[in-house]
Amino acid sequence: MVRDLDIVLTPEEASDERLMALSCAKRLRVNLRDITAVQWLRRSIDSRRAPVRIAARLRVYVGQSAKPLSKPTCFRDADPSRPVIIVGAGPAGLFAALRALEIGMCPIVLERGCDVHQRRKDVARLNREGVLDEESNYAFGEGGAGAFSDGKLYTRSVKRGDVSKVLSLFVQHGAKEEILYDSHPHIGSDVLPKVIENIRGTILAHGGQVHFRTRVTGLVRSPDEVRGVVCADGREFLGPVVLATGHSARDVYAFLKRDGYAMSAKDVAVGVRLEHPQSLIDRMQYHSAEGRGRFLPPASYSFVTQVDGRGVYSFCMCPGGFVVPASSEQGSLVVNGMSPSNRGGRWADSGIVVQLRVSDIPYTDELSMLEYISSIERRCFIEGFKAPAQRMTDFLEDRLSTSLPRSSYVPGLVSRRMDDVLPDLIAGSLRRGLGDFVRKSHGLFLCEEALLIAPETRTSSPVRMERGPDFCQIRGFYPCGEGAGHAGGIVSAALDGIACIDALGASY
Ligand SMILES: Cc1cc2nc3c(=O)[nH]c(=O)nc-3n(C[C@H](O)[C@H](O)[C@H](O)COP(=O)(O)OP(=O)(O)OC[C@H]3O[C@@H](n4cnc5c(N)ncnc54)[C@H](O)[C@@H]3O)c2cc1C
């Protein structure tokens, strides 16, 4: 017998297979020893009120063995007569390459940065010595912007494609099976690099190509078709092009603008990373002075409010995480967050951002929003990639912090008023938004250690590359992923990569 059960468990029951099986046996009125396997189908934490519970959907096998949760995808050997040039080895590019192999095309992946192993050393150097490699950093290199991240895989883009396929492909390449059933799955920055290397292994094993330190500087064009790309070292690669270069590749927007490709400026969200002690977030979210106890994971939060019709919200929360310098250019600073798979760090951080519309900024052309956020990043830069920071208590009272608490941000912090480094519109909306979050949390969100670190500017692409319903702008040119303004986050970028290849495959 196989039965699916919706069941509510205590955190202790949910973390112990035997206790879980016991609950199932009681519900099904069967003997515990007859249960051969219990499989998670869905796991979510219900922390709306105390005591916190785990809402579970379980598949219970009685007298028979469990079937795997997902089937591995089969890849074909690449057909060299059907090349596709994929620019960028982020989630959009890598999942485009996997899909290309699945349908027998030959993916040729061109990546400006290094392989993920070397990249790890380059980001360590940036953190410890404040030295940035402009081609190998938190934004550029194998795995793209998501390689050193929390690896959150939650997406609202469920209508854009088969999310479970993306998750299964991650599992097939080394991610834990729990991402298939967690309501808010994540992989973690310690596991992601291995997964990315395994994806590269699949591409190479089936006859695809991956070229590192290969920066694309232009598209090869005939009047009505893109026929390939040209690289900084003069090499050309010919074939239809999936351009998945992410939103930090500002030189790519510049050459597309120069060559007359259709783009438009896009709304974004800008603000700060807010860091708290994780223990405070656990107490706040789990309604308990003891915090998360032995059986619950580090808690996360999500806040949203409106200030004069403008959204202010938390974004990309990293429980047990680190704030990192995610810059890709000298003389300019942007921060972001990442967590290891166990989210075991002592701090919690999250972007707290304010909606910024194209109509809010001085508009000259399609790159105006890009230039606007770049100017904030330049204003925030401090030698050695130190970051401007202010205690949340001081920010709400509008005074400079005379001291700063300890922080996860390795390059170091310098006390600054957020009002001096962020535009008035952003700082003002942020202050009122945070005030609302403090009220909603009955004051718990505010503490002396809570710290604002600026700036969080790269929440989404400031530019959208136009494309038609067939996913291409002109024949042979598929703007793809976050940099094209058609995705936001790891899973939606991966889905967009798959969708571009499907569209290309249909027209090949
Ligand atoms: C620190 C950090 C943490 C994050 N955490 C999460 C998270 O937990 N969950 C989540 O969903 N999202 C997260 N994100 C966002 C997520 O990483 C992006 O949404 C996603 O990576 C976008 O995928 P993409 O493939 O479209 O672009 P990218 O990942 O940006 O990849 C683009 C790739 O193209 C390469 N490239 C650029 N220009 C060129 C060129 N001219 N020639 C050749 N190659 C080029 C780049 O080097 C890069 O590897 C995080 C981002 C950062 C920076």
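Since this is a predicted model, take the numbers as computed values, not measurements. (Residues numbered from 1 in each chain as written. Predicted model: local features only at pLDDT ≥ 70, side-chain atom pairs only at ≥ 80, totals over all residues. Heavy atoms only, no water.)

1. Here we look at the overall build of the protein
Along its length, the protein carries 13 helices and 22 strands. The globule rule puts the C-alpha radius of gyration for 508 residues at 23 Å, and the 24 Å found for the protein is close to it. Considering only C-alpha atoms, the protein reaches an extent of 70 × 60 × 40 Å along its principal axes. Counting only residues that meet the buried cut, the protein has 58% of its 508 residues in that class. Contacts in the protein between residues at least 24 apart in sequence constitute 71% of all its contacts with a sequence separation of at least 6. For the protein, the exposed surface amounts to about 21,100 Å²; the carbon and sulfur share of it is 49%. Looking at the protein, you have 65 positive and 60 negative side-chain charges, and the mean spots of the two groups are 5 Å apart. (Helix = DSSP H or I, 4+ residues; strand = E, 2+ residues; numbered from the N terminus. Rg over C-alpha atoms; globule rule 2.2 N^0.38 Å. Buried < 20%, exposed > 50% of the residue type's maximum accessible area, 1.4 Å probe, protein only. Contact = heavy atoms within 4.5 Å. Areas by Shrake-Rupley, 256 points an atom, 1.4 Å probe, with all protein chains shown as cover. Lys, Arg positive; Asp, Glu negative; His and termini not counted. Charge placed at Lys NZ, Arg CZ, Asp CG, Glu CD.)

2. Considerations on the side chain of His211
Checked against the element boundaries, His211 lands in strand 6 (residues 209–211). Only 2.8 Å separates the side chain of His211 from the side chain of Gln209, close enough to count as a polar contact. Not counting residues within four places of it along the chain, the set of residues in contact with His211 comprises Ile108, Val109, Leu110, Glu111, Arg235 and Phe237. (Polar contact = N/O pair within 3.5 Å; in protein donor to acceptor, adjacent residues only side chain to side chain.)

3. Re the sheet that holds strand 8 (residues 225–231)
The antiparallel open sheet is built from three strands, whose spatial order is 7-8-9. Lying at the two open borders of the sheet, with one neighbouring strand each, are strand 7 (216–222) and strand 9 (236–238). Adjacent strand axes in the sheet meet at a mean angle of 30° when their direction is disregarded. Bridge analysis of strand 7 against strand 8 gives six bridges, and the strand direction is antiparallel. The residue of strand 8 that forms the bridge with Leu219 is Val229. (Pairing = 2+ DSSP bridges. Axes fitted to C-alpha atoms, helices over the stretch in contact; angles between N-to-C directions.)

4. A closer look at the packing of aromatic side chains
Considering all chains together, one arrives at nine aromatic pairs under this definition. Arranged with centres 4.9 Å apart and planes meeting at 15°, the rings of Phe303 and Phe437 form a pair that is stacked. Of this pair, Phe303 sits in the loop between helix 8 (278–286) and strand 13 (304–307) while Phe437 sits in helix 12 (residues 424–440), and the two are 134 residues apart along the sequence. The pair formed by Phe303 and Phe437 is uniform in burial state, with each residue classed as buried. Seen from their ring centres, Phe303 and Phe445 are 4.8 Å apart, and the 55° between their planes marks the pair as tilted. (Phe/Tyr/Trp six-rings, centres within 6.5 Å; stacked < 30°, edge-to-face > 60°.)

5. Regarding the state of the cysteines
For the structure on display, the rule yields zero disulfides. Cys231 carries a free sulfur, and the closest cysteine sulfur to it, the one in Cys114, is 15 Å from it. No disulfide involves Cys480; its nearest neighbouring cysteine sulfur is the one of Cys500, lying 3.7 Å away. (Disulfide = S-S within 2.5 Å.)

6. Notes on the site of the ligand
Surrounding the ligand, one finds 36 residues, the nearest of these being Glu111, Gly141, Ala145, Glu482 and Ile490. A distance of 2.8 Å is found between an oxygen atom of the ligand and a backbone nitrogen or oxygen belonging to Gly141. Measuring from an oxygen atom of the ligand, one finds a backbone N or O atom of Gly151 at 3.2 Å. In the complex, the protein chains occlude 94% of the 990 Å² of accessible area that the ligand would expose alone. Of all the secondary-structure elements, those providing two or more residues to the shell around the ligand are helix 3 (91–102), strand 16 (335–338) and helix 13 (490–507). Here the shell around the ligand is composed, by residue class, of 16 nonpolar, 14 polar and six charged. Of the domains in this structure, domain 2 (83–262 + 465–507) and domain 3 (267–456) are the two that each give at least three residues to the shell around the ligand. (Near = heavy atom within 4 Å. Nonpolar A, V, L, I, M, F, W, Y, C, P; charged D, E, K, R; others polar. Domains from an automatic or database assignment.)

7. A word on the environment of Leu370
Within the secondary structure, Leu370 sits in helix 9 (residues 368–380). Taking C-alpha positions, Leu370 is 8.8 Å from Lys266, a pair spaced 104 residues apart along the chain. In this structure Leu370 touches Arg250, Tyr253, Pro462 and Val463, once residues within four positions along its chain are discounted.

8. Thoughts on the pattern of salt bridges
Scanning the entire structure with this criterion turns up 42 salt bridges. Among the salt bridges present, the one from Asp365 reaches Lys257, with a minimum N-O distance of 2.7 Å. Of this pair, Asp365 sits in the loop between strand 17 (347–356) and helix 9 while Lys257 is found in helix 7 (residues 250–258), placing the two residues 108 residues apart along the sequence. In this structure, Asp398 engages Arg431 in a salt bridge whose closest nitrogen and oxygen atoms are separated by 3.7 Å. You can see Asp398 sitting in the loop between helix 10 (392–397) and strand 19 (413–415) and its partner Arg431 sitting in helix 12, a full 33 residues away along the chain. Several salt bridges share partner residues, and in doing so they unite Asp398, Arg417, Asp419, Asp420 and Arg431 into one network. (Salt bridge = Lys/Arg side-chain N within 4 Å of Asp/Glu carboxyl O.)

9. Quick word on the packing of helix 3 against helix 5 (residues 163–172)
Think of two packed helices as two axes; the pair is described by the angle between the axes and how far apart they sit. With their axes 12 Å apart at the nearest point, helix 3 and helix 5 run at an angle of 95° to one another. Our classification of the angle between helix 3 and helix 5 gives roughly perpendicular. Contacts from Phe95, Leu98, Arg99 and Glu102 of helix 3 reach helix 5 at Lys165, Val166, Leu169 and Phe170. Of the residues belonging to the contact of helix 3 with helix 5, the class tally is five nonpolar, no polar and three charged. (Parallel < 35°, antiparallel > 145°, perpendicular 65-115°, else oblique.)

10. Structural notes on the packing of helix 3 against helix 13
Where helix 3 contacts helix 13, the two axes come as close as 7 Å, and the packing angle between them is 40°. With respect to helix 13, the axis of helix 3 lies oblique. Between helix 3 and helix 13 lies a crossing of right-handed hand. Across from Pro91, Ala92, Phe95, Ala96, Arg99 and Ala100 in helix 3, the residues of helix 13 making contact are Ile490, Ala493, Ala494, Gly497, Ile498, Ile501 and Asp502. Grouping the amino acids of the contact of helix 3 with helix 13 by side-chain chemistry returns 10 nonpolar, one polar and two charged. (Left-handed = near helix turned anticlockwise from the far one by under 90°.)

11. Description of the domain arrangement of the protein
Assigned domains of the protein: these are domain 1 (2–62), domain 2 (83–262 + 465–507) and domain 3 (267–456). Relative to domain 2, the C-alpha centre of domain 1 lies at a distance of 38 Å. Contact between domain 1 and domain 2 buries roughly 480 Å² in total, counting both sides, with carbon and sulfur atoms accounting for 40%. Between Asp182 and Arg43 there is a salt bridge, with its nearest N and O atoms 2.7 Å apart. Counting every contact that joins domain 1 to domain 2 gives three residue pairs in polar contact (both at pLDDT 80 or more). For the side of domain 1 that touches domain 2, the residue count by class is two nonpolar, one polar and two charged. (Buried area = accessible area lost by both parts, 1.4 Å probe.)

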